[in-house]
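# Per-entry structural report
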Amino acid sequence: MTGHELIVDMHGHLYPAGLPGGPGRWPTLEVEADAGRIMRGDTVFREVRPALWDLTARLGELDAAGIDVQVVSPVPVTLTYWAEPRQAAEYARALNDGLAAQVADSGGRLRGLGTVPLQDTALAVDELTRVMTELGLRGAEIGTVIGDHELDAPSLRPFFEAAEALGAVLFVHPMDGGKGAVRRTGQPYDFGLGMLTDTALATAALVFGGVLEDFPGLRIALAHGCGTFSLAYPRLKFMAQRGGHARADELVRSLWVDSLVFDPAHLPLLVERFGEDHVMVGTDHPFMPGQLSAAPAAVRDAAHRGLLTERQASAVLGANAARLFGLGDAPSPTGDIAG
């Protein structure tokens, strides 16, 4: 691959500094000099780096890795579906305001996805409308499961209808390490299997639960290469077809996925399942060490090994995300308009 091509990371997370928290399960970001921690009440949830909240640190890391544009979304622990709906709506509003402010200050280097209080569909629709029409964000990150409701629950249909009408991108991301999706917890099981299985279950709900059929204009992207769904799909389709479901391939190819599968050999399967125009670079920055450079390198490696064509690799590196997120105004390193 020659010359500079637009590189877009569609899977980064941002935690606005100063976001209000609270006791119990409410998350709070504590910052001390060049270190930080996400708290749940009085318990340390995760140690974090400045790039999570500091725009200068983030842009420096993007520059070092050669990333032109990054799409940032909330840290999954801040998707507070367990909370009282009005409190969750206030928290989501503050989070979205903080995220939008950093996007606005990034000089075009960041695009953003907000959050909505999906435990109350009407409040979620209101906030998604504000996200899209007032804040200039591109959509919302949602969980793989909303409380006790899978994504094909009838109660969520009005939200999906609104997202379709607004042209919002919905980024489906697992929460809490995919707990409950597999029978073992702790590492490597939570992040190695739980989150991937959780994502596959959510995808199956969208494909086989009628959501994508009811709302064909939905724009949905899934984290972590759609988890284990690509491998399980032939068996899922076989069983679904026995019940008369005949459009599975078409519905699956309406979905978008990131490339965060940690092995170039897996990328051709993503292209086969979702289409060469629906796979995008994702890094989980700043949580996955080294992936800001390694994820694009894996795409180039796949092309070098003949697993992807040069055209496919170029699309995965940036062109696909540019189309999904409307990055016609994305800055290129030469100062020209890319996308």
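Source: prediction; values computed, not measured.

A few words on the sheet that holds strand β3 (residues 35-40). One open sheet accounts for three strands, arranged β2-β3-β4; its pairing is antiparallel. Two strands in the sheet have a free side with no partner beyond their single neighbour: β2 (27-32) and β4 (43-48). Here the strands of the sheet are splayed against their neighbours by 25 degrees on average, with no regard to which way each runs. Judged from the six bridges that link them, β2 and β3 form a sheet pairing that is antiparallel.

Looking now at the packing of helix α3 (residues 121-133) against helix α4 (residues 157-166). Running from amino to carboxyl end, α3 crosses α4 at an angle of 15 degrees, the nearest separation of the two axes being 9 Å. Regarding the angle of α3 to α4, the classification is roughly parallel. Of the two possible hands of crossing, α3 and α4 adopt the one that is right-handed. When α3 is examined against α4, the residues T121, A124, V125, L128, T129, M132 and T133 are found in contact with a partner set consisting of P158, F159, A162, A163 and L166. Per-class residue counts for the contact of α3 with α4 are nine nonpolar, three polar and no charged.

As a further point, take the confidence of the model for the protein chain. For the protein chain, per-residue confidence averages 93 on the pLDDT scale, and residues scoring 70 or more make up 96% of the total. Contacts of residues 331-339 to residues separated by more than four positions or lying in other chains number 22 contacts, the stretch itself having pLDDT below 50.

Glancing now at the nonpolar core. Of all hydrophobic cores here, the largest spans 53 residues; its most connected members are L118, L151, F159, F160 and I220. In terms of residue count, the dominant contributor to this core is helix α5 (residues 189-208) (five residues). Contact partners of L151, with chain neighbours within four places excluded, come to I142, G143, T144, I146, L156, F160, V172, A202, A205, L206 and V211. With 30 residues, the next largest nonpolar core counts L14, L29, L52 and A83 among its residues.

Inspection of the secondary structure assignment puts V299 in helix α10 (residues 291-304). Linking V299 and P264, residues 35 residues apart in sequence, is a C-alpha distance of 6.4 Å. Apart from the residues within four sequence positions on either side, V299 is in contact with L267, V281, L308, A313, V316 and L317.

Definitions and limits used
Residues numbered from 1 in each chain as written. Predicted model: local features only at pLDDT ≥ 70, side-chain atom pairs only at ≥ 80, totals over all residues. Heavy atoms only, no water. Pairing = 2+ DSSP bridges. Helix = DSSP H or I, 4+ residues; strand = E, 2+ residues; numbered from the N terminus. Axes fitted to C-alpha atoms, helices over the stretch in contact; angles between N-to-C directions. Parallel < 35°, antiparallel > 145°, perpendicular 65-115°, else oblique. Left-handed = near helix turned anticlockwise from the far one by under 90°. Contact = heavy atoms within 4.5 Å. Nonpolar A, V, L, I, M, F, W, Y, C, P; charged D, E, K, R; others polar. pLDDT = per-residue confidence, 0-100. Core = buried A, V, L, I, M, F, W, Y, C linked by side-chain atoms within 4.5 Å. Buried < 20%, exposed > 50% of the residue type's maximum accessible area, 1.4 Å probe, protein only.

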